[in-house]
Amino acid sequence: VIKKEGSCVFDLFGSLSSTMGVDLGTANTLIYTKENGIIVREPSLVARHKKTGRILAVGSEAKQMEGRTPDFLETLHPLRDGVIADFDVTAAMLRIFLKKALRGRKFVQPTLVVSVPCGVTAVERRAVIDAATQAGARDAYLIEEPLAAALGADMPVREAAGNMVVDLGGGTTEVAVISMGKIVLSRTLRLGGDALDESLVQYIRRQYNLMISPAMAERMKMEIGSLAESTQPQAMEIRGRDLLTGLPKPLAINQNQLLPALYEPLREIIDVVKTTLEMTPPELASDIMDRGIVLTGGGALLRNLDRVMARDTGMPVRIAPDAPLCVVLGTGRAARNFNSFRRKNHPAKSHK
């Protein structure tokens, strides 16, 4: 289940080591410790001085600055589409998050179990390992995101039966069929919650000549976003810049008006789910018909997504409990049983 990259280093201070699960996501980074559960849950965002490159804030503090910084500051998303876009900034951000997770315990170099999308290249996998070790980890292992999500959702993945999980993250969507603890089929679509936000930004611009921020689009998606029309639609007021006058302008909008902007990118996700089902061996497909498709990730919480996917695929669909936390809970489960996982997947060998 867990895949090791690179060499394993003999640790003279093994008693001081700690194993943590890390969901290094495009939108958020979460860290799980065996002692305290989820101890870090922060936006994957960094505020940096443009000229000096000095990092001034990370996580929630940087999120408060987004769209409000003076000219000499910039806010960066160091991960794009589920992979590292800026290595140095990612390593610096992860170092700060690890320090927070360790809560002042010095001389502790944790071993990390980090989730990665199934579709990443060898170079991208290596970048995650290098960023983790540069951030202060003693060692790092990788686990595929949909497998971690399935573990976190308490799906019976060890059984000789088909399980399908659809993990809708900020930068990617992972579709996987799992049996006997292994991924049988998987598809990675570099489209997630960020793409929905961008679709809303463009839709409001085209339809209402109003430029809104990605943060406002995300708020719209979370508060009134839905994939089904309502006879009594929820509404909210949004604010942006009028493209005709250049002045700030409020706009009242309801969930039915947003439906076309949300359905367009999600139709692509549903098409990938249908294609994966078509490629699934008949026996496993029969199991999935009985057990249903399980939705995880923050995108799973979009209203009526489960109903629309069930209608379009003909399969039962359910949302996992604590859907946004399934990946980090799965990495945490791997971290809690780390010796067992490592022994099963990496036979004992001598260390240099």
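Draft legend 1. Spatial organisation of the side chain of Thr313. If you trace the backbone, Thr313 turns up in helix α9 (residues 305-313). Here Met309 takes part through its backbone oxygen, which lies 2.7 Å from a polar atom of the side chain of Thr313. With residues near it in sequence (within four places) discarded, Thr313 still touches Ile270, Val273, Lys274, Leu277 and Ile293.

Draft legend 2. Here's a closer look at the pairing of strand β3 (residues 28-33). Within β3, 5 of the 6 residues are buried, leaving the element largely enclosed by the surrounding structure. Summarising the sheet, strand β2 (residues 19-24) and β3 pair through 5 bridges and their orientation is antiparallel. Paired with Met20 across the two strands is Thr33, which belongs to β3. Taking the residues that link successive antiparallel strands as the turn, the β2-β3 hairpin has 3 residues. Where β3 folds back onto strand β4 (residues 37-43) in an antiparallel hairpin, the turn is made up of 3 residues.

Draft legend 3. Broad picture of the sheet that holds strand β6 (residues 55-58). The antiparallel open sheet is built from 3 strands, whose spatial order is β6-β5-β7. Only two strands of the sheet have a single neighbouring strand rather than two, namely β6 and β7 (73-76). When strand polarity is set aside, the average angle formed by the axes of neighbouring strands in this sheet is 20 degrees. Note that strand β5 (residues 46-49) and β7 share 4 bridges and pair antiparallel.

Draft legend 4. Main features of the sheet that holds strand β19 (residues 317-319). With mixed pairing, 5 strands are arranged side by side in an open sheet as β14-β13-β12-β18-β19. Here the strands that pair on one side only, and so sit at the sheet edges, are β14 (182-189) and β19. The average angle at which neighbouring strand axes cross in this sheet is 20 degrees, direction not considered. The pairing of strand β18 (residues 293-296) with β19 spans 3 bridges and is classified as parallel. Across the sheet, Ile293 pairs through a bridge with Val317, a residue of β19. In the packing of helix α7 (residues 255-279) onto the sheet, the strands contacted are β12 (163-168), β13 (173-179), β14 and β18, and the crossing angle to β14 comes to about 150 degrees.

Draft legend 5. Structural detail: the pattern of salt bridges. Following the criterion strictly, the structure yields 15 salt bridges and no others. Of the charged contacts in the structure, one is a salt bridge between Lys100 and Glu42, with a shortest N-O distance of 2.7 Å. Within this pair, whereas Lys100 is found in helix α2 (residues 87-102), its partner Glu42 is found in strand β4, the two being separated by 58 residues in sequence. Assessed through its relative accessible area of 43%, Lys100 is described here as partly exposed. Residue Arg126 pairs with Asp130 through a salt bridge whose shortest N-O separation is 3.2 Å. Note that Arg126 and Asp130 are positioned in helix α3 (residues 122-134) at a spacing of 4 residues, about one turn of the helix. The class for Asp130 is partly exposed, based on a relative accessible area of 29%. One continuous salt-bridge network, built from bridges that share partners, spans Arg48, Glu74 and Asp86.

Draft legend 6. Main features of unusual backbone geometry. The residue Asp154 is not glycine, and still its phi comes out positive at about 60 degrees. A residue is classified by how much of its surface remains accessible, and Asp154, at 53% relative accessible area, is exposed. At Asn209, a position not held by glycine, the phi torsion is positive, near 50 degrees. If you trace the backbone, Asn209 turns up in the loop between α5 (193-208) and β15 (210-211).

Rules behind the numbers
- Residues numbered from 1 in each chain as written.
- Predicted model: local features only at pLDDT ≥ 70, side-chain atom pairs only at ≥ 80, totals over all residues.
- Heavy atoms only, no water.
- Helix = DSSP H or I, 4+ residues; strand = E, 2+ residues; numbered from the N terminus.
- Polar contact = N/O pair within 3.5 Å; in protein donor to acceptor, adjacent residues only side chain to side chain.
- Contact = heavy atoms within 4.5 Å.
- Buried < 20%, exposed > 50% of the residue type's maximum accessible area, 1.4 Å probe, protein only.
- Pairing = 2+ DSSP bridges.
- Axes fitted to C-alpha atoms, helices over the stretch in contact; angles between N-to-C directions.
- Salt bridge = Lys/Arg side-chain N within 4 Å of Asp/Glu carboxyl O.

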